[in-house]
Amino acid sequence: MPIPKTIKRPAKAPALAAASPSARHALVLQGGGALGAYQAGAYEALTEARRTPQWIAGISIGAVNAALIAGNPPEQGVQRLREFWELVSSGLAQRMPTWIGPRELFNDWSALMGAMWGIPGFFEPRHSYAFWLGGASPVLSFYDTAPLRATLERLVDFDRINAGETRVSIGAVNVRSGNSVYFDNAYGRIGPEHIMASGALPPGFPPVQIDGESYWDGGLLSNTPLQYVLDSHPRNERLVVLQVDLFSARGAVPRTLSEVLDRQKDITYSSRTRLNTDALAANLNLQQSFADLLAKLPAALRADPSVAAVQAQLRCEPIEIYHLIYRNKPYELESKDYEFSRITVEEHWQAGLHDMRTILTQPEALRAGTDRLNGVTTYDLSEPGAPRVRHLMAHPADTVDKQHPLI
């Protein structure tokens, strides 16, 4: 299969572990700053059920979580995630008791202190007289992310990542070209600089230099790496995707200015996830329909090399996408992605743990079905208590939403 154009091509690629005979399981992690503790909780539930992914794709904080997971043995992944999230929520202002005032004011105070003094093990403010120049300042960011590099080097075994036991794909944006780029251990080495590049959100964080190019946060173009996974996955292998998103495109109409800013951030960083997921699934299923149509041609026509080549490019083994979106967010404001108080981080973690445990109570959850049609099937956790499944472009009778026992 040709290397997708968005992949940075190296001189030599490491060998990857063989996929499961039944299906490869991929974990797709969206960016979202402090909300990323939700993904850590979801992963803890996966480890409890001994469901370790063979491929992890992440952007921004999703890239950090991916490195912590893939850069440690399965039995230590949750411990390293816990160390990271406890570190970044260990500031004095983040550990203050919540009884000192209303919870909303506490969250605002925590976010303000983090913005002023930085987040332990993550970033610290720059102190430069150049900021007096305003927009003409040659300083390219308000914060220095050197603490994050030190944290990654301490908690992540990058030799383990580059050994290829778990495939890791990290999304960033090339500052010069404005194009999306994925660093992938299937095609080259991944180091702490690649993880930092994926989370270098301007103007807070500086661009990261890699091989003479500058990179910013991958969420500037797309906050969810699902398309990359579907584009680069071999069509002759079955695939089960667990997509964990931190921003919901759906929500209530705002009633206050604070809610306006919060809602705007949800819409911006959700990257139209549900729409894009459905569009990607519809595209792949349309291709599969053409492949099925070609299979009905007379034998003489099917034997034509050009027909066979087109059919091989269009056909894909079943792909099942389980889409989990963090929705239960009490006390959250516009600052939710940079509010790292210990109580808030723990709430995010427990929500992810609870939601994933709920999914896994069903015996067939996150497994490749044996009776699926080729193409893509999506399973959505929509409104609480009302799961649905959508079979896109499969059969006319299957194109409507229906209840499904798997979730």
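Residues numbered from 1 in each chain as written. Predicted model: local features only at pLDDT ≥ 70, side-chain atom pairs only at ≥ 80, totals over all residues. Heavy atoms only, no water.

Let's talk about the nonpolar core
Here is step 1 of the chain: The biggest cluster of nonpolar side chains holds 66 residues, and the ones touching the most others in it are L27, F84, W85, F122, I195 and M356.
Here is step 2 of the chain: With 8 residues, helix α2 (residues 61–70) is the single largest residue contributor to this core. (Core = buried A, V, L, I, M, F, W, Y, C linked by side-chain atoms within 4.5 Å. Buried < 20%, exposed > 50% of the residue type's maximum accessible area, 1.4 Å probe, protein only. Helix = DSSP H or I, 4+ residues; strand = E, 2+ residues; numbered from the N terminus.)

Quick look at the layout of surface pockets
Here is step 1 of the chain: When its volume is computed, the largest pocket comes out at roughly 670 Å³.
Here is step 2 of the chain: Forming the walls of the largest pocket are 35 residues, and the residues nearest its centre are G33, L201, F205, D337 and Y338.
Here is step 3 of the chain: If you list the elements that add at least two residues to the lining of the largest pocket, you get α2, α4 (103–117), α7 (192–198) and α9 (257–269).
Here is step 4 of the chain: Its residues placed into classes, the lining of the largest pocket shows 22 nonpolar, 10 polar and 3 charged. (1 Å grid on protein atoms, 1.4 Å probe; cavity = no way out; pocket = protein on both sides within 12 Å on 5 of 7 lines; lining within 4 Å. Points joined across faces, edges and corners; volume = space filled by probe spheres on them. Nonpolar A, V, L, I, M, F, W, Y, C, P; charged D, E, K, R; others polar.)

A look at unusual backbone geometry
Here is step 1 of the chain: Across the junction of P202 and P203, the peptide omega takes the value -5°, indicating a cis bond.
Here is step 2 of the chain: Looking at where P203 falls in the secondary structure, it is placed in the loop between α7 and β7 (208–210).
Here is step 3 of the chain: Positioned with a positive phi, R50 is a non-glycine residue whose angle comes to about 55°.
Here is step 4 of the chain: Looking at the element boundaries, R50 is found in the loop between α1 (37–48) and β2 (55–59).
Here is step 5 of the chain: The exposure class of R50 is exposed, given its relative accessible area of 76%.
Here is step 6 of the chain: Located in the positive-phi region is S60, a residue other than glycine, with phi close to 60°.
Here is step 7 of the chain: By secondary structure assignment, the location of S60 is in the loop between β2 and α2.

Comments concerning empty space enclosed by the protein
Here is step 1 of the chain: Taken as a whole, this structure holds 1 cavity of 30 Å³ or more when the rule is applied.
Here is step 2 of the chain: Of the voids in this model, the largest cavity is the one considered here, and its volume is about 30 Å³.
Here is step 3 of the chain: If you trace the largest cavity, you find it lined by L27, L29, Q39, A42, Y43, L46, I69 and V244.
Here is step 4 of the chain: Counting only elements with at least two residues in the lining of the largest cavity, the list comes to β1 (24–29) and α1.
Here is step 5 of the chain: Top contributing element to the lining of the largest cavity by residue count: α1, with 4 residues.
Here is step 6 of the chain: The class makeup of the residues in the lining of the largest cavity is 7 nonpolar, 1 polar and no charged.

A closer look at α2
Here is step 1 of the chain: Burial runs high along α2: 10 of the 10 residues are buried.
Here is step 2 of the chain: Among the residues of α2, those classed as buried are I61, G62, A63, V64, N65, A66, A67, L68, I69 and A70.

Here we look at the packing of α2 against helix α3 (residues 74–87)
Describing two packed helices takes the angle between their axes plus the distance from one axis to the other.
Here is step 1 of the chain: Across the interface, α2 lies against α3 with an axial gap of 8 Å and an inter-helix angle of 135°. In terms of orientation, α2 and α3 fall into the oblique class. For the pair formed by α2 and α3, the contact residues are I61, V64, N65, L68 and I69 on the first element and G77, R80, L81, F84 and W85 on the second.
Here is step 2 of the chain: Residues that form the contact of α2 with α3 fall into these classes: 7 nonpolar, 2 polar and 1 charged. (Axes fitted to C-alpha atoms, helices over the stretch in contact; angles between N-to-C directions. Parallel < 35°, antiparallel > 145°, perpendicular 65-115°, else oblique. Contact = heavy atoms within 4.5 Å.)

Side note on the side chain of S89
Here is step 1 of the chain: Tracing the backbone through its elements, the reader meets S89 in the loop between α3 and α4.
Here is step 2 of the chain: The class of S89 is buried, set by a relative accessible area of 0%.
Here is step 3 of the chain: At 2.7 Å, the side chain of S89 and the backbone oxygen of W85 are in polar contact. (Polar contact = N/O pair within 3.5 Å; in protein donor to acceptor, adjacent residues only side chain to side chain.)

Fair warning: the whole summary comes from geometry, so function is off the table for now.
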